[in-house]
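Chains, contacts and geometry: an overview
The residues making up each chain are set out below.
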Amino acid sequence: MAHRGFSGKYPENTMIAFRKAYEVGADGIELDAQLTKDGTIVIFHDDTLERLTSDKGQLTEWTLDELKSLSINSKDQEGLAEQKIPTLKEYFEWMQDKNLLTNIELKTVNGNDIGLEKKVLKMIEEYGLEKQIIISSFHKENMIRVKKFNATIQTGLLTSKCTKQIIQKAKEIGMDYIHPNALSLNEELIEYADYYDLKINTWTINEKLDLEKAINVGINAIITDFPDRLKEIQDKGYVEM
Ligand code: G3P
Ligand code: CA
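Residues numbered from 1 in each chain as written. Chains lettered and ligands numbered in written order. Predicted model: local features only at pLDDT ≥ 70, side-chain atom pairs only at ≥ 80, totals over all residues. Heavy atoms only, no water.

Next up on the list: the overall build of the chain. The helix and strand tally for the chain stands at nine helices and nine strands. By the compact-globule yardstick of 18 Å for 241 residues, the chain fits well, its C-alpha radius of gyration being 17 Å. With the C-alpha coordinates of the chain rotated into their principal frame, the extents come out at 50 × 40 × 30 Å. Considering only contacts in the chain between residues 6 or more positions apart, those separated by 24 or more positions represent 52%. Carbon and sulfur atoms make up 48% of the accessible area of the chain, which totals about 11,800 Å². Averaging the coordinates of the 31 positive side-chain charges in the chain and doing the same for the 41 negative ones gives two points 2 Å apart. (Helix = DSSP H or I, 4+ residues; strand = E, 2+ residues; numbered from the N terminus. Rg over C-alpha atoms; globule rule 2.2 N^0.38 Å. Contact = heavy atoms within 4.5 Å. Areas by Shrake-Rupley, 256 points an atom, 1.4 Å probe, with all protein chains shown as cover. Lys, Arg positive; Asp, Glu negative; His and termini not counted. Charge placed at Lys NZ, Arg CZ, Asp CG, Glu CD.)

Below, the structure written as structure tokens:
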């Protein structure tokens, strides 16, 4: 799955990064969802604007129109068309006819109920994309609400430090997946997750050797900034160990 789209080469969480990820053969796309001041779901990673745009301030204090007036920084790529912050609706319009998984990460500051879960679920249902979506969050509160509002949608609990306790917690709150930082994952934890029947989608693996290694350890998905590298390794074929 392409992390924030093909973010190793194109500006993260933009339509061009999503399109390019698809073009190089990604099976899925990971993206970050937040609410604007006027309640629109936009795709953007940070809670503030300065790293990725020419302006600054909290994203949640800007309306959609105001955000659309900004350009996303282009990673100094010449000839790249100007990119704007996409809405989730724009993304769904593009992906609805594609055989593409999407991992929507809910970005809320501390897991508070700001209505993001309900809005995201409503849009998924409107587009009939239930089978192609995995919703994730670092906050168990977000994930508990997602499961409460839609028991059948696929869900994963994100964790920067995977432990047996977190795996148990993910199971307890009804998750289908655990989404651990790859640096905190080991064989014992992979077996432990398997015992609890939780599939693993790990992030963010970018180096070729690490990708090759990860492909052989029995995890469900690898989230990478370089879907081209992963695809190349897969296409070459690999031996299940
Ligand atoms: O979903 C995996 C990964 O995206 C979580 O961390 O900070 O890149 O959103 P972050
Ligand atoms: Ca993310």
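Close contacts around ligand 1 come from His3, Arg4, Glu30, Asp32, His45, Glu105, Lys107, Phe138, Leu158 and Trp203, and that covers them all. Contacts to ligand 1 include His45, whose side-chain N or O atom sits 2.7 Å from an oxygen atom. When grouped by side-chain class, the residues that make up the shell around ligand 1 number three nonpolar, two polar and five charged. (Near = heavy atom within 4 Å. Polar contact = N/O pair within 3.5 Å; in protein donor to acceptor, adjacent residues only side chain to side chain. Nonpolar A, V, L, I, M, F, W, Y, C, P; charged D, E, K, R; others polar.)

Within this structure's numbering, the places UniProt gives as "domain: GP-PDE" (unreviewed entry) are residues 1-234. For residues 1-234, helix accounts for 33% and strand for 17%, while the C-alpha atoms at its two ends are 13 Å apart. (UniProt positions renumbered as here; feature names shortened; annotations may be inferred.)

Distances from the calcium ion (ligand 2) to its protein donors, Glu30 (OE), Asp32 (OD) and Glu105 (OE), fall at 2.1 to 2.3 Å. In terms of primary sequence, the donors binding the calcium ion (ligand 2) are separated according to E-x1-D-x72-E. Summarising the burial analysis for this pair, Glu30 and Asp32 share the class buried. (Donors = N, O, S within 2.8 Å, 3.2 Å for Na, K, Ca; no water. Buried < 20%, exposed > 50% of the residue type's maximum accessible area, 1.4 Å probe, protein only.)

Glancing now at the pairing of strand S5 (residues 133-137). Most of S5 is tucked away: five of the five residues are buried. Side chains Ile133, Ile135 and Ser137 project from S5 onto one buried face, and the interleaved Ile134 and Ser136 project onto a second face that is buried too. Where strand S4 (residues 101-106) lies against S5, four bridges are found, and the strand directions are parallel. If you follow Ile104 over to S5, its bridge partner there is Ile135. As for the winding sense of the linkage, the β-α-β connection from S4 through helix H4 (residues 116-127) to S5 is right-handed. Of the pairings in the sheet, the one linking S5 to strand S6 (residues 154-159) comprises four bridges and is parallel in character. The partner of Ser137 across the bridge, within S6, is Leu157. (Pairing = 2+ DSSP bridges. Right-handed = clockwise from strand over helix to strand, strands pointing away.)

Looking now at a negative patch on the surface. A contiguous patch of negative charge on the surface is contributed by Glu187, Glu191, Asp194 and Asp197. What makes Glu191 exposed here is its relative accessible area of 53%. (Patch = residues over 30% accessible without salt bridge, like charges linked within 9 Å, V, L, I, M, F, W, Y side chains within 5 Å. Salt bridge = Lys/Arg side-chain N within 4 Å of Asp/Glu carboxyl O.)

One pass over the full model with this rule turns up 18 salt bridges. Between Glu82 and Lys84 there is a salt bridge; the shortest N-O distance is 3.5 Å. On the basis of relative accessibility, which here comes to 28%, the residue Lys84 falls in the partly exposed class. Where Asp113 meets Arg145, a salt bridge forms, and the shortest distance between an N and an O atom there is 3.7 Å.

With that settled, consider the packing of aromatic side chains. Applying the stated criterion across every chain, the model contains 10 aromatic pairs. Between Phe6 and Phe226 the ring centres are 6.5 Å apart and the planes differ by 80°, which places this aromatic pair in the edge-to-face class. Here Phe6 is found in the loop between strand S1 (2-3) and helix H1 (15-23), whereas its partner Phe226 is found in the loop between strand S9 (221-222) and helix H9 (227-236), with 220 residues between them in sequence. Here Phe6 matches Phe226 in class, with each residue buried. For Lys98, the ring lying beneath its charged end belongs to Tyr22, and the centroid distance is 5.7 Å. In this structure, Arg229 packs its charged tip against the face of Phe226, placed 3.6 Å from the ring centre. (Phe/Tyr/Trp six-rings, centres within 6.5 Å; stacked < 30°, edge-to-face > 60°. Lys NZ or Arg CZ within 6 Å of the ring centre and 35° of its normal.)

Before going further, it helps to spend a moment on helix H7 (residues 187-195). In an α-helix, one full turn covers 3.6 residues, which means residues spaced three or four apart are oriented alike. All of the buried residues along H7 are Leu189, Ile190, Tyr192 and Ala193. With its buried residues spanning 160° around the axis, H7 presents them on a single face. Summarising the geometry of H7, the exposed residues directed more than 90 degrees from the buried face are Glu187, Glu191, Asp194 and Tyr195. Close packing links the buried residues of H7 with helix H6 (164-172), strand S7 (177-180) and strand S8 (199-202). At the N-terminal end of H7, a side-chain oxygen is found 3.1 Å from the backbone nitrogen of Glu188, two or three residues along, and the residue is Asn186. (Arc of directions from axis to C-beta.)

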